[in-house]
Amino acid sequence: MIGLRTLLQFALLACSTRAGWFSRGGTEKADTKNAAQTPPAPDVAGEMTKAPPPPPVEELAAADRDHTCAAGLVFDVYKNGASADPVRVEMSGGQCETVAAFEAAVSRAVCEHQAACHVRDGAGRRVRRCSELSFNSAQPGVQPGLIPRAYGVKRDMRWVFPTEHVGFERYLPHLQITLTTLAEEPRLFALDNFLTEDDASQLIEDALAIRDDEHKLTRSSVGAKGYTVSSTRTSENAWVKDTKTAMRMKRRAFELLGFDHYDERMADGLQVLRYNNTNGYAAHKDYLDRPRGLSREAMEPSLGGANRLATVFLYLSDVKHGGQTVFPHAPRPSQASDLEALESRPLNDEVIALRDAQVSSDKYSWEPRLINECYTKLAAAPKKGRAILFYSQHPDGTLDQMATHGGCPVLSGTKWASNLWIWNKAMPFGSSRFQSKDDDSGDSSGVNIEGSTTGSAAEVFWVGGGGEEAPMGTVSPGDNLRLNSFVGHSFVARRNGAEVARYTVARGAEAWAVPA
C-alpha cells in the first residue's frame, strides 16, 4: 500500500508537473513541437522528498499550463545569490496563495526568521505567491532545472544574481536581456541586449554636445565628490544628465538589478568616458572608502549602510587592441575562448610591441603591468553595444575585494564607454556633480524630494534651462516618486500630456504633493 506521505507528495508535485517545467540549462530553449523522447533526470535535492519521476517531456510540453497550484507546490529555496544547497519546501494549496504564508515558508528555509525575507525568482522579479513562482519559473531560460526556484532575500539587502557556472546563460523575459556568467569571483556577467549600437552612438553624441564646464568632456577625476585629477586615471569623461537615452539606460539598470522603483538618490549619474591611445585607469575598486566625519555603519552595507552595489559598464565603440576591463585578482577562465565577451588573446609579440612603443617602461609606472594583466587575467573585451555587470558587494552586504578592476590602456584606436554605478541605498552624502551652475545657495549637496498624489497617476519630468523635458518617473496613489535634485531645479507633472503641477526645488524642501 502506498503510504499517505507519498500520496501527499505526489499531489503537491502535480502543480509542478502540469506547469511544464523542464531543464533549461545553458543555451538550450524549450522545443514544444519536437520534444525529446528521453525525459531529463528530475532535479531533486537530497533524500528529503522522494517525489515520483515527472512525466515524459512530450507530456509536460503538451500539458495544460495551469499555474493556479490549487493542489499546492513543491519548490526549492535558495539563499540570495546562491547556486547550491537549496531547501526543499512543500506547501498545500490553501497556504500557497497567501502572501504571508508563502513569504514565511521561504524565510524559515533560508532567512532564519519567519518574516525576514522577500522572495525573488531566477530573473530577480519579486514573487508573492506560488502561482507567480510557478508561472515565472516555467518561462524558458529563467532558471536551470525542473523544480521551481525561489530565492530568499533579507529585507535589508538587495537581490544578487546567482552565477550557476561560467558560461551559464539566464534569460530575463521582462527586459529581454540575456545574462551570461563570465566569472563567479568576482560576480561578472555579460549583458546581451541591454543597449543597442544606436544607443551607444547617441550617448557619445549627447556627451559631445554638453557645453557647461561642470559636465562637459574633460579630464576624468577620481572619488565621489569634487574634482580630483590623478595620474592613475588618464581618460576624459562627461556627465550625461537627463537625455532620453541616459534616463532609459539608468532605469533599465535599476530594473535589471531587481529594484522595485527608480530612485535618483541611488545612482551616481551616467558617466561617458573617452580613452584615447595609451589612456587607461589603474586597478581600483568602485565601492567607496568612508569619508571623514561619517560613521562606519553609514558606508558598510552589511551593517545597514550605503555603498555602490553594482556597476553596469557600457561599451560604446570597438577597440582593436587594449581597452579591456580587467580584474587582476582573478585568473583568466579556461572557457575564455568560448565566451565572446571575454578577452582570450595571448600576451604575444604584437601586444608587447604595441606596449613597449607607447607606454613608459619606468619601473614605477602602472601601465605596463596592467597591460600584461589585460592579456593574462580575467578581462572583458570591448565591443560597441556590449554591456557587463559586476557586483561590488556580496549578497550579505560585505564588500568584494575581488571586484577590483582596471581600464586597460588603449593600444590601438579610441575607446568610448559609460559607467552606471548603482547604490544599495541612498548615498549618505550629496554629490556636487549635478549642482546647477546658477545656484548660489552655497550648498552643493543634493536635496531629497518625495513626490506623492491622491489623484490618478501622473508622469513627472525634469525641466532643463532651455525648457527641454526628460522623464523621471510616475507618481500614483500609494506609490511615491523619490528624486535627488538641487536647489533651483524644476519639475513638471503631467496627466495625459496636460500639465497639472510645476515644482521648483527650494532650500529645505522635502516633499511635493501633486494635486489630484
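Residues numbered from 1 in each chain as written. Predicted model: local features only at pLDDT ≥ 70, side-chain atom pairs only at ≥ 80, totals over all residues. Heavy atoms only, no water.

**Quick notes on the overall build of the chain**
A count of helices and strands for the chain gives 10 helices and 26 strands. Residues classed as buried in the chain amount to 53% of the 516 residues present. For the chain, the proportion of contacts with a sequence separation of at least 24, taken over those separated by at least 6, is 71%. (Helix = DSSP H or I, 4+ residues; strand = E, 2+ residues; numbered from the N terminus. Buried < 20%, exposed > 50% of the residue type's maximum accessible area, 1.4 Å probe, protein only. Contact = heavy atoms within 4.5 Å.)

**Overview of the sheet that holds strand E1 (residues 73-79)**
An order of E2-E1-E4-E3 is seen for the four strands of this open sheet, with the pairing classed as mixed. The sheet is open, and its two edges are formed by strand E2 (87-91) and strand E3 (117-120), each paired on a single side. Between one strand axis and the next, the sheet turns by 35 degrees as a mean value, whatever way the strands run. In this sheet, strand E4 (residues 149-154) lies alongside E1 in parallel orientation, the contact comprising four bridges. Bridge pairing links lysine 79 to glycine 152 in E4. In the packing of helix H5 (residues 130-137) onto the sheet, the strands contacted are E1, E2 and E4, and the crossing angle to E1 comes to about 80 degrees. (Pairing = 2+ DSSP bridges. Axes fitted to C-alpha atoms, helices over the stretch in contact; angles between N-to-C directions.)

**Here we look at the pattern of salt bridges**
Scanning all chains against the criterion turns up 18 salt bridges. Here arginine 88 makes a salt bridge to aspartate 76, at a shortest N to O gap of 2.4 Å. With arginine 88 in strand E2 and aspartate 76 in strand E1, this pair connects stretches of sequence that are 12 residues apart. Per residue, the accessibility class of arginine 88 equals that of aspartate 76, and both read buried. Each member of the salt-bridge network shares a partner with another, and the members are Arg120, Arg126 and Asp260. (Salt bridge = Lys/Arg side-chain N within 4 Å of Asp/Glu carboxyl O.)

**Considerations on the side chain of asparagine 424**
Mapped onto the elements of the fold, asparagine 424 is located in the loop between strand E19 (415-423) and strand E20 (447-453). Since its relative accessible area comes to 6%, asparagine 424 is described here as buried. A polar atom in the side chain of asparagine 424 sits 2.8 Å from the backbone nitrogen of asparagine 307. (Polar contact = N/O pair within 3.5 Å; in protein donor to acceptor, adjacent residues only side chain to side chain.)

**Describing the state of the cysteines**
Structurally, a disulfide amounts to a covalent bond that connects the sulfur atoms of two cysteines. If you walk through the whole model with that rule in mind, you get three disulfides. With a sulfur-sulfur separation of 2.2 Å, cysteine 96 is cross-linked through a disulfide to cysteine 130. With the S-S dihedral at roughly -70 degrees, the linkage between cysteine 96 and cysteine 130 falls on the left-handed side. Pair noted here: cysteine 96 is in helix H3 (residues 93-96) and cysteine 130 is in helix H5, with a separation of 34 residues, a long-range link. Accessibility classification places cysteine 96 together with cysteine 130 in one group, the buried group. What pairs with cysteine 374 in a disulfide is cysteine 408, and their sulfur atoms sit 1.9 Å apart. Between cysteine 374 and cysteine 408, the S-S dihedral sits near -105 degrees, and the bridge is therefore left-handed. Of this pair, cysteine 374 sits in helix H10 (residues 367-374) while cysteine 408 sits in the loop between strand E17 (405-407) and strand E18 (410-412); the two residues are 34 residues apart in sequence, bridging distant segments of the chain. Residues cysteine 374 and cysteine 408 agree in their burial class; the two are buried. (Disulfide = S-S within 2.5 Å.)

**A closer look at the sheet that holds strand E15 (residues 377-380)**
Taken in spatial order, the four strands make up an open sheet running E11-E17-E14-E15, and their pairing is antiparallel. Looking at the sheet topology across the chains shown, the edges are occupied by strand E11 (281-284) and E15. Within the sheet, the average angular offset between the axes of one strand and its neighbour, ignoring direction, is 20 degrees. The sheet contact formed by E11 and E17 spans two bridges and is antiparallel. The residue bridging histidine 284 from the neighbouring strand is histidine 405, located in E17. Packing of H10 onto the sheet brings it into contact with E11, strand E14 (325-331), E15 and E17, and relative to E14 it is tilted by some 75 degrees.

**So, helix H4 (residues 99-110)**
In a regular helix each residue adds 1.5 Å, so 12 residues correspond to 16 Å; H4 covers 17 Å between its end C-alpha atoms and thus fits that length. Looking at the buried side of H4, the elements it contacts are E1, E2, H3, E3, H5 and E4. Directly beyond the C-terminal end of H4, a positive phi value near 75 degrees is found at glutamate 112. (Expected span 1.5 Å × (residues − 1).)

**Considerations on the nonpolar core**
In terms of nonpolar packing, the biggest core is built from 70 residues, with Phe194, Leu256 and Leu389 touching the most fellow members. In terms of residue count, the dominant contributor to this core is helix H7 (residues 244-256) (six residues). Residues within four places of leucine 256 in sequence aside, it is in contact with Phe161, Leu172, Leu175, Leu179, Leu191, Phe194, Val312 and Leu389. (Core = buried A, V, L, I, M, F, W, Y, C linked by side-chain atoms within 4.5 Å.)

**Some details on the packing of aromatic side chains**
Applying the stated criterion across every chain yields a total of 12 aromatic pairs. For the pair tyrosine 151 and tryptophan 159, a centre-to-centre distance of 5.4 Å together with 75 degrees between the ring planes defines the contact as edge-to-face. Taking the relative accessible area as the measure of exposure, tyrosine 151 reaches 0% and is therefore buried. Given the relative accessible area of 2%, tryptophan 159 is considered buried. A centroid spacing of 5.0 Å and a plane angle of 65 degrees characterise the contact between phenylalanine 254 and phenylalanine 259, whose relative ring orientation is edge-to-face. Taken together, the ring pairs connect Tyr78, Tyr151, Trp159, Phe161, Phe189 and Tyr391 into an aromatic cluster. Over the face of the ring belonging to tryptophan 421 we find arginine 308, whose NZ or CZ atom lies 3.9 Å from the ring centre. (Phe/Tyr/Trp six-rings, centres within 6.5 Å; stacked < 30°, edge-to-face > 60°. Lys NZ or Arg CZ within 6 Å of the ring centre and 35° of its normal.)

Function-wise, these values are silent; they only describe arrangement.
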